[in-house]
Amino acid sequence: MEERRKPSETLHAWLIVLKAWQSMSRYVLAPVLEEGLGESDFRVLEVLLHKGPMPVNTIGPKVALNPGSVSVAVDRLYRRGFVSRVECARDRRVRTVALTERGREMFLPLFRRHSALIQRAFQDVSLEEIRQLELVLKKIGKRAESLVEKRSHSGVK
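Residues numbered from 1 in each chain as written. Predicted model: local features only at pLDDT ≥ 70, side-chain atom pairs only at ≥ 80, totals over all residues. Heavy atoms only, no water.

(A) Main features of the sheet that holds strand β1 (residues 54-55). Ordered in space as β1-β3-β2, the three strands form an open sheet in which the pairing is antiparallel. Both outer strands of the open sheet, β1 and β2 (83-87), are each paired with one neighbouring strand and no more. The sheet contact formed by β2 and strand β3 (residues 95-99) spans five bridges and is antiparallel. Counted as the bridge partner of Ser84 is Ala98 from β3. (Pairing = 2+ DSSP bridges. Helix = DSSP H or I, 4+ residues; strand = E, 2+ residues; numbered from the N terminus.)

Dropping the structure here:
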């Protein structure tokens, strides 16, 4: 039989997750902000660095941004010369976004610094603890996602 937890225990765990997220965000976003980028700009650049050029409409789901936020971020990055936008010859509604050489030169050192900061924050956490954390967070995320789907199918808000 599954062990029941008190609402206060799960709420406390959730608050710890939120506080950890906030602390990590402040810590790792500082260099991004110093570079004059926003968090959404960083996410777009990161996906382009790792996945290569892609249509604007496919970026949003990969970086958890709505289409409007992606467009605004791409426009900002384009103005700074960090990305290019090319219209598809077959369908002018489709624009492919790619990291430019200037964007790569700016972003690669920033991403390396970002990765090093994350590594530093995790330095007191064992590999086994990291794996356990991943498993627990995936379990919670999958359960929450199934509850969202269940709610949307039932019409309950």
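(B) Up close: the packing of helix α2 (residues 39-51) against helix α4 (residues 67-79). At a closest axis distance of 9 Å, the pairing of α2 and α4 adopts a crossing angle of 80°. In terms of orientation, α2 and α4 fall into the roughly perpendicular class. Along the contact surface, α2 presents Ser40, Asp41, Val44 and Leu45, while α4 presents Ala73, Val74, Arg76 and Leu77. Within the contact of α2 with α4, the residues separate by chemical class into five nonpolar, one polar and two charged. (Axes fitted to C-alpha atoms, helices over the stretch in contact; angles between N-to-C directions. Parallel < 35°, antiparallel > 145°, perpendicular 65-115°, else oblique. Contact = heavy atoms within 4.5 Å. Nonpolar A, V, L, I, M, F, W, Y, C, P; charged D, E, K, R; others polar.)

(C) Local environment of the nonpolar core. Grouped together as the largest cluster of nonpolar side chains are 26 residues, with contacts concentrated most on Leu37, Val44, Leu45, Leu48, Ile59 and Phe107. Elements that contribute at least two residues to this core include exactly α1 (7-34), α2, α3 (56-63), α4, β3 and α5 (101-121). For this core, the leading source of residues is α2, giving six residues. Look past the residues within four positions of Val44 in its chain and what remains in contact with it is Ile59, Val63, Leu65, Ala73, Val74 and Leu77. (Core = buried A, V, L, I, M, F, W, Y, C linked by side-chain atoms within 4.5 Å. Buried < 20%, exposed > 50% of the residue type's maximum accessible area, 1.4 Å probe, protein only.)

(D) View of the pattern of salt bridges. Summed over the entire model, instances satisfying the criterion amount to four salt bridges. Residue Asp75 pairs with Arg85 through a salt bridge whose shortest N-O separation is 2.4 Å. Residue Asp75 is located in helix α4, and its partner Arg85 is located in strand β2; the two are separated by 10 residues in the primary sequence. (Salt bridge = Lys/Arg side-chain N within 4 Å of Asp/Glu carboxyl O.)

(E) Here's a closer look at the pairing of β3. Here β1 runs beside β3; their pairing, made up of two bridges, is antiparallel. For Met54, the partnering residue across the bridge sits in β3 and is Val97.

(F) Quick look at the confidence of the model for the protein. The share of residues in the protein with pLDDT of 70 or more is 93%, and the mean pLDDT across the chain is 91. Per-element confidence in the protein is highest for α5, whose mean pLDDT is 97, and lowest for β2, whose mean pLDDT is 90. (pLDDT = per-residue confidence, 0-100.)

(G) Structural detail: the packing of aromatic side chains. Across all of its chains, the model carries three aromatic pairs by this definition. Considering the side-chain rings of Phe42 and Phe111, the 6.4 Å spacing of their centres and the 25° angle between planes classify their relative orientation as stacked. Of the two residues, Phe42 sits in helix α2 while Phe111 sits in helix α5, which places them 69 residues apart along the sequence. Ring geometry for Phe107 and Phe111: centres 6.0 Å apart, planes at 35°, overall tilted. In this pair, Phe107 and Phe111 both sit in helix α5, four residues apart, roughly one turn of the helix. For Phe107, a relative accessible area of 0% puts it in the buried group. Ring pairs connect the aromatic residues Phe42, Phe107 and Phe111, which therefore count as one cluster. A cation sits over an aromatic face here: Arg85 above Tyr78, 3.9 Å from the ring centre. (Phe/Tyr/Trp six-rings, centres within 6.5 Å; stacked < 30°, edge-to-face > 60°. Lys NZ or Arg CZ within 6 Å of the ring centre and 35° of its normal.)

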